[in-house]
Amino acid sequence: ETGARVEAVDKLARRLEKDAYHSLQHLGIVRFNPFHDTGSDQSFAIALADGHGNGVVLSSLHGRDMTRVYAKPLSGWASNYSLTEEEKEAVGLARQERA
């Protein structure tokens, strides 16, 4: 009876550990001003990734009369799309931190 319970708890713990590795674990955010002559740090880049480095980089460029939002997929901490310096910094921060 006790051995069966320990085995069931061990099996559950392994499954939860495996599932958690595919959930959001890493977050990195960078705020910046793309237009140095006006405004403040209202633009941002956010990297969100699981334990494998798969996820997304979201970035927003905020100007006086417009805001643009971009999304780029991450796979193994890299993207098939070119990343800006701020997006690369957000990915680097996410890679170092656990959410």
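The notes below deal with the structure included here. (Residues numbered from 1 in each chain as written. Predicted model: local features only at pLDDT ≥ 70, side-chain atom pairs only at ≥ 80, totals over all residues. Heavy atoms only, no water.)

In this fold, Glu89 is placed in helix H2 (residues 85-96). Along the backbone, Glu89 and Ala47 are 42 residues apart, and their C-alpha atoms lie at a distance of 9.0 Å. (Helix = DSSP H or I, 4+ residues; strand = E, 2+ residues; numbered from the N terminus.)

Moving on, we get to H2. Between its first and last C-alpha, H2 extends 17 Å over twelve residues, near the 16 Å set by a 1.5 Å rise per residue. Residues Glu87, Ala90, Val91 and Ala94 constitute the buried set of H2. The buried residues of H2 occupy an angular sector of 100 degrees when projected down its axis, which confines them to one face. H2 presents Glu85 and Gln96 as exposed residues on the side facing more than 90 degrees away from its buried surface. Where H2 is buried, its residues meet strand E1 (26-32), strand E2 (43-49), strand E3 (55-62) and strand E4 (67-74). (Expected span 1.5 Å × (residues − 1). Buried < 20%, exposed > 50% of the residue type's maximum accessible area, 1.4 Å probe, protein only. Arc of directions from axis to C-beta. Contact = heavy atoms within 4.5 Å.)

Time to look at the sheet that holds E1. Strand order in the open sheet made by the four strands is E1-E2-E3-E4, with antiparallel pairing throughout. Because the sheet does not close on itself, it has two edges, and the strands there are E1 and E4. Averaged over all neighbouring strand pairs, the angle between strand axes comes to 10 degrees, with direction disregarded. Bridge analysis of E1 against E2 gives seven bridges, and the strand direction is antiparallel. Among the inter-strand pairings, Leu27 is bridged to a residue of E2, identified as Leu48. Here H2 sits on the sheet and contacts E1, E2, E3 and E4; the angle it forms with E1, its principal contact strand, is near 145 degrees. (Pairing = 2+ DSSP bridges. Axes fitted to C-alpha atoms, helices over the stretch in contact; angles between N-to-C directions.)

Okay, the side chain of Asp50 next. In this structure, Asp50 sits in the loop between E2 and E3. We classify Asp50 as buried; its relative accessible area is 9%. Side-chain polar atoms of Asp50 contact the backbone nitrogen of His52, separated by 2.8 Å. The contacts of Asp50, once residues within four sequence positions are left out, are Tyr21, His22, Ser23, Gln25, His26 and Trp77. (Polar contact = N/O pair within 3.5 Å; in protein donor to acceptor, adjacent residues only side chain to side chain.)

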